[in-house]
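# Working through the structure, step by step
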Amino acid sequence: QKEVEQDPGPLSVPEGAIVSLNCTYSNSAFQYFMWYRQYSRKGPELLMYTYSSGNKEDGRFTAQVDKSSKYISLFIRDSQPSDSATYLCAMKFGGYQKVTFGTGTKLQVIP
Amino acid sequence: DGGITQSPKYLFRKEGQNVTLSCEQNLNHDAMYWYRQDPGQGLRLIYYSQIVNDFQKGDIAEGYSVSREKKESFPLTVTSAQKNPTAFYLCASSSHLGTGGNTEAFFGQGTRLTVV
């Protein structure tokens, strides 16, 4: 079993839809949770990070962590064609430990 | 503009050759990382360095080597011992988060290495 599981997609949605991207993990010791966006043939960019459980909102993006279920989510409201990319979840145990990445979910927002 | 610069963008290697991938950052970050990305496998850590003149093996260090002589630079050499080097290589640096940790917040644009 992988430490972090992420549905590879692809996920296709119409413009304006609410998108839900999810990851599950097996190790309850993870404390920091991140979401990255990666456009084709580019490096990932950090979208959001969360420490421990709870929600965090940034514009159209909301990150949610449920440590009891070992489940994290990224919601994108009013999705735009420019949101079409691969979204990687990632997590780490402590502040200075290595990051474990999910395999990424490819999202396509259709105009 | 601050950031991470990787070069070259595309690199072709013949069997048995060593090649070096460049990574330079002007963000004044202490920690730098090298990842390999393969389809369906996500990012895997090759080497990382928390400070100048010190570096540690990641999960897949065999067949790779690094140096960290300057804070700004963290080159990766893919040696002939790496049996399957064709991949997308990403360099990253980390910044401090308010919660007392740090994370790979900045990535370069990657180098796509192909063995010919």
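Residues numbered from 1 in each chain as written. Chains lettered and ligands numbered in written order. Predicted model: local features only at pLDDT ≥ 70, side-chain atom pairs only at ≥ 80, totals over all residues. Heavy atoms only, no water.

### Topic: the pattern of salt bridges
- All told, the structure shown has six salt bridges over all chains when counted by the stated rule.
- Across the pair Arg 77 of chain A and Glu 57 of chain A runs a salt bridge, and its minimum N-O distance is 3.5 Å. Remark: Glu 57 of chain A occurs in strand β6 (residues 54–58) and Arg 77 of chain A occurs in the loop between β8 (71–76) and β9 (85–92); sequence separation between them is 20 residues.
- We note a salt bridge from Lys 71 of chain B to Asp 30 of chain B, for which the minimum N-O separation is 3.4 Å. Of this pair, Lys 71 of chain B sits in the loop between β7 (64–66) and β8 (76–78) while Asp 30 of chain B sits in the loop between β3 (19–25) and β4 (32–38), and the two are 41 residues apart along the sequence.
- For Asp 30 of chain B, a relative accessible area of 43% puts it in the partly exposed group. (Salt bridge = Lys/Arg side-chain N within 4 Å of Asp/Glu carboxyl O. Helix = DSSP H or I, 4+ residues; strand = E, 2+ residues; numbered from the N terminus. Buried < 20%, exposed > 50% of the residue type's maximum accessible area, 1.4 Å probe, protein only.)

### Some details on the sheet that holds strand β7 (residues 61–66) of chain A
All names here are of chain A.
- Reading across from one edge, β1-β3-β8-β7-β6 is the order of the five strands in this open sheet, with antiparallel pairing throughout. Looking along the sheet, the strands with just one partner apiece sit at the ends: β1 (4–6) and β6. Averaged over all neighbouring strand pairs, the angle between strand axes comes to 15°, with direction disregarded.
- As judged from the three bridges shared by β1 and strand β3 (residues 19–25), these two strands associate in the antiparallel manner. Residue Val 4 lies in a different strand from β3, and its bridge partner there is Tyr 25. (Pairing = 2+ DSSP bridges. Axes fitted to C-alpha atoms, helices over the stretch in contact; angles between N-to-C directions.)

### Some details on the state of the cysteines
- One pass over the structure, following the stated rule, counts two disulfides over all chains.
- Between Cys 23 of chain A and Cys 89 of chain A runs a disulfide, and the two sulfur atoms are separated by 2.0 Å. Every disulfide takes its handedness from the sign of the S-S torsion; for Cys 23 of chain A and Cys 89 of chain A that torsion is -100°, giving left-handed. Note that Cys 23 of chain A is positioned in strand β3 and Cys 89 of chain A in strand β9, a separation of 66 residues in sequence. With respect to burial, Cys 23 of chain A and Cys 89 of chain A carry one shared label: buried.
- A disulfide bridge connects Cys 23 of chain B with Cys 91 of chain B, and the sulfur atoms are separated by 1.9 Å. Judged by the sign of its S-S torsion, about -75°, the bond between Cys 23 of chain B and Cys 91 of chain B is left-handed. Remark: Cys 91 of chain B occurs in strand β9 (residues 87–96) and Cys 23 of chain B occurs in strand β3; sequence separation between them is 68 residues.
- Under the relative-accessibility criterion, Cys 23 of chain B is labelled buried at 0%. (Disulfide = S-S within 2.5 Å.)

Any functional reading would require information that these geometric values do not contain.
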